[in-house]
Amino acid sequence: MERRRFLRVGGLACMAGVVMSAGSVGCAGSRCIDGTIEGEDLRIPLASLMSTDGSPLKSVVVRHASLKWPVALYATADGGYRALLMRCTHQNAQLKAGDGELTCPAHGSAFASDGAVMNGPAEQPLRRFPTRLEGDALLISLKA
Ligand code: FES
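Scoring rules and cut-offs
Residues numbered from 1 in each chain as written. Predicted model: local features only at pLDDT ≥ 70, side-chain atom pairs only at ≥ 80, totals over all residues. Core = buried A, V, L, I, M, F, W, Y, C linked by C-beta atoms within 7 Å. Buried ≥ 20, exposed ≤ 12 C-beta atoms within 10 Å, placed from the backbone. Helix = DSSP H or I, 4+ residues; strand = E, 2+ residues; numbered from the N terminus. Contact = placed C-beta atoms within 7 Å. Pairing = 2+ DSSP bridges.

Asks: Could you give an account of the nonpolar core, with specific residues and numbers?
Replies: Residues Val62, Val71, Ala72, Leu73, Leu84 and Met86 are the most contacted members of the largest nonpolar core, which totals 29 residues. Breaking this core down by element, the ones donating at least two residues are β3 (41-45), β4 (59-63), β5 (71-75), β6 (81-85) and β13 (137-141). Residues within four places of valine 71 in sequence aside, it is in contact with Leu42, Val62, Ala83, Leu84, Leu85, Met86, Phe129 and Ile140.

Asks: An account of the sheet that holds strand β9 (residues 110-112) is requested, with residue identities and associated values reported.
Replies: The four strands are arranged β7-β8-β9-β10 in an open sheet whose pairing can be described as antiparallel. At either margin of the open sheet sits one strand with a lone partner, and together these are β7 (96-97) and β10 (117-119).

Asks: Describe the environment of leucine 102, with residues and values.
Replies: With respect to the element layout, leucine 102 can be found in strand β8 (residues 101-103). Here leucine 102 falls in the buried class, since 27 other C-beta atoms lie within 10 Å of it. Put simply, leucine 102 and methionine 118 are 16 residues apart on the chain and 9.4 Å apart in space, counted from C-alpha to C-alpha.

Asks: Tell me about unusual backbone geometry, and please be specific about residues and values.
Replies: For the bond from glycine 120 to proline 121, the omega torsion is 20 degrees, close enough to zero to count as cis. Here proline 121 is to be found in the loop between β10 and β11 (128-129).

Asks: Describe the pairing of strand β12 (residues 131-134), and please don't skip the residues or the numbers.
Replies: As defined by bridge partners, β12 adjoins β13 across four bridges and the pair is classed as antiparallel. Bridging from a neighbouring strand, arginine 132 pairs with leucine 139 of β13.

Asks: Break down the sheet that holds β5 for me, with residues and values.
Replies: Sheet architecture is open: five strands sit in the order β1-β4-β5-β6-β11, paired in mixed fashion. This sheet does not close on itself; its edge strands, each paired only once, are β1 (31-34) and β11. Bridging between β5 and β6 involves five bridges; their strand directions are antiparallel. Paired with valine 71 across the bridge in β6 is leucine 85.

Here it is as structure tokens:
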């Protein structure tokens, strides 16, 4: 395996290690869906981002068995989605996704739907992942 590929795969393995073992997630206030891993992406069918009346959901929690922390998706004004790792930047507790914010059950930090810190003790914003549309799916790039 060439060095560049080794580093990329190794980086993904580290990311998977960081993000592993998602069990039950903080879905209160948001729909929880299971994504699929395709290469370096977490894939979600666009249909799963719609409410029963056909309107887009404002927030969704995406999980996968290989992810330690789920990913919160928040709809943006331009029709896209922002993807945030649900890992508190204070001491790595799993966040709870609510309508427009994420809260930490450990020590009370709160984050806005863009990942910015609203309340400490956390000081750093949440990790964000790029998203893109591809056919009938939304892809979250986990390599970024
Ligand atoms: S781990 Fe989240 S506030 Fe401490």
